[in-house]
Every structure is written in structure tokens, then in C-alpha cells.
Amino acid sequence: MWQLHSGEYFGMAGRLVVDAIAVVLIILSLTGIVIFLLPYDIRRLKRKGKKNSMKSRGRQMVWNMKWHNRFGYSTIILTLWIAITGMCLRPPLMIPLVMKKMSAQTDNNNVWHDKLRAIRWDVAEDCWIVSTSDGFMLVDEYFVEPPMLIAKHKAPTVSPMGVTVFEKDSASDEWIVGSFSGLYRWNIMSGRVVDYFSRKPNKQTSMRPVSNSQVSGYSNDFSLGNPIVFDYTKGASEKLQMPSEIANAKMSLWNMALELHVGRCYSPFLGPISDLFVFLSGLIISLTLLSGYIILRRQRNRRKAKVISVNQ
């Protein structure tokens, strides 16, 4: 779905088409605003008796309506494609989709394409531990033998977004594995997985791709005595002084555009509704496009019917 939304599925041509549709959506939005506001201005000028200004606004109205209808009518399939695939990349439509699998569509024969998430060397087992979108695998040093997939009930639960913590605890000889699905201690030899915080066995019963502990980092390198766990929504588990290099850092324009696009920057005043920003926006865009298409289609059919009746 991501490849369809970005156009990557169709290569460079698909990406360029998506860029062009983005421009079309901007044009439709601007001309739509003008079409919505101009009638109020025309009525205001009519009340004041300014006929010349009324004619000028009328020409603007006709011009905007003409190009609004042309762009909207000819690109309806592509604009709906962008809106609907975008809705599928965020909750709630994202949740059932991430549980489904389909054959990969790639331009090469790389079997690891878009599957590899992280890789670590295990000295005790003398092999690589590879985290993939299909689960954890054990692979020999030179990747000669086929990988051995570890059963899901003997491995930590990992969010579809991938692991954010993957390191060895030298004191216990266990692996500490974290993601947006929580933080766990993992003994590969026995397959025992326990929750990092409660020390209870891992029991994944929810279908949600994220848990209440959305772990985004972990470090034992601070001089506070205890390891620090970083949560995506709650921050660090211990109070830390923000380095000035980070506190005063600026965000790139691309990242700012991404935050606007997915609605994360609206969370301070939208709260939990910001998680549904993309879905609701895509739904509104789709309904607007479909209703505009239906209205224009009916207008054209009425005009055709009038022409036919006149000719008869």
C-alpha cells in the first residue's frame, strides 16, 4: 500500500505521476476555494451596483469553474487513488492491513528487500540474529546455510514498524528487544521471553500493532545507575538534561512537511484525534472528489438532454 501511495510500485514514472497529482490537488483546492467565495463577493457587488466589477468577478468565476472541472473530472481516478491509499497507511485502516501478507513486488532478486530490520552477532550462539518483517532468524557467519526462523512464541513481539532496541545484556546473557510493542528480555537458548518492566512472561493477546509502552530507545551508558528507557509518547524513564546541541536544533523543511502531512504536529491541540487525522482527511477528500464528480456528471447529462430535445 505504501508503494502504491508513493508511486514506487510503478518505478520512477509512478513517483512522477504522484508528484503531478499532488499539484492537481493543490489546483483543485485553490480553485475550489475561489468558486466557494466568489458568489458572495458577486452578490455584495450587485447590492452596491458595481456592474463592471461584477462582470470581472463573473469572468473569474467561469475561468476557475472551467479548469476546476477539467482537472477534477480527468484525474478523478488518480486523486482517489492517492487519497484512499493514504488513508490505508494510518489507523484505523492500517491496523488490519499490517496483519496481512502478500508477495513482494521488487525490481531485483534481493530476498531481503524491505524485510531486513536489524542484525546482531551472538557470541554465545556463534551466529547472526536477524530481525526481519517475518520474524527473527538465526544465520551462520557467512550466510551459507538457509536461515532458521525462530517460532513466534519463542521470540519477542515486535511492532510492524520494526525493532528500536536490540542489544545484549552482558550481566544476564539475555537480549533486550524493544519496539512500539513493548520492551522484553529474551533468552534465545530457552526461548523464554519476559516483559522488561513486570518480569512476567510475554503474552500477546491484543491485535493492536502498538502497546502502552511504545519503546523508541534504551541505554545503559548514562551515569545514573539504572538503564534509561525512552518511550515515544512519555519520554525518558529518568529525568535527563537535554543537550543544547539537540535542544536548539532546527527541523528540516522536509521533516516539517512530513509532520504536517501525517498530522503528528497537531497532537498538542487535537489530542488522540491527531492519530485519525490522515484517515479523516482522506475520507473528506474522497467524499469531496466523488460528490464533485457526481454533480458535474449530472450537469453534463442535463445539458446533453437539452441539446437532444432541441434537435428533435
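Residues numbered from 1 in each chain as written. Predicted model: local features only at pLDDT ≥ 70, side-chain atom pairs only at ≥ 80, totals over all residues. Heavy atoms only, no water.

Ranked by size, the top nonpolar core spans 15 residues in total, and within it Ile129, Phe136, Ile150, Phe166, Trp175, Val177 and Trp186 carry the most contacts. Mapped onto this core, the elements with two or more residues apiece are β2 (127–132), β3 (135–139), β6 (174–179) and β7 (182–187). Ile176, Leu183, Val215 and Tyr218 belong to the second largest nonpolar core, which has seven residues in total. (Core = buried A, V, L, I, M, F, W, Y, C linked by side-chain atoms within 4.5 Å. Buried < 20%, exposed > 50% of the residue type's maximum accessible area, 1.4 Å probe, protein only. Helix = DSSP H or I, 4+ residues; strand = E, 2+ residues; numbered from the N terminus.)

The subject of this paragraph is the packing of helix α4 (residues 76–87) against helix α9 (residues 277–311). Each packed pair of helices is defined by two parameters, the angle between the axes and the distance between the axes. Two elements in contact, α4 and α9, have axes whose closest approach is 8 Å; the angle formed by their N-to-C orientations is 160°. The angle between the axes of α4 and α9 places the two elements in the roughly antiparallel class. Considering how the two elements wind past one another, α4 and α9 form a crossing that is left-handed. Of the residues in α9, those touching α4 at Ile76, Thr79, Leu80, Ala83, Ile84, Gly86 and Met87 are Val278, Phe279, Gly282, Leu283, Ile285, Ser286, Leu289, Leu290 and Tyr293. Considered class by class, the residues forming the contact of α4 with α9 number twelve nonpolar, four polar and no charged. (Axes fitted to C-alpha atoms, helices over the stretch in contact; angles between N-to-C directions. Parallel < 35°, antiparallel > 145°, perpendicular 65-115°, else oblique. Left-handed = near helix turned anticlockwise from the far one by under 90°. Contact = heavy atoms within 4.5 Å. Nonpolar A, V, L, I, M, F, W, Y, C, P; charged D, E, K, R; others polar.)

Let us now look at the sheet that holds strand β9 (residues 215–219). A sheet is described by the order of its strands in space; here three strands give the open sequence β9-β10-β11, paired in antiparallel fashion. The open sheet has two free edges, formed respectively by β9 and β11 (235–236), since each of these has just one partner strand. In this sheet, β11 lies alongside strand β10 (residues 228–231) in antiparallel orientation, the contact comprising two bridges. Considered in β11, the bridge of Phe230 is made with Ala236. (Pairing = 2+ DSSP bridges.)

Moving on: the sheet that holds β2. Pairing within the open sheet is antiparallel, and its four strands lie in the order β1-β2-β3-β4. One side of each edge strand has no neighbouring strand; the edge strands of this open sheet are β1 (116–122) and β4 (148–149). Note: β1 against β2, six bridges, orientation antiparallel. Each residue of the ladder has a partner; that of Ile119, found in β2, is Val130.

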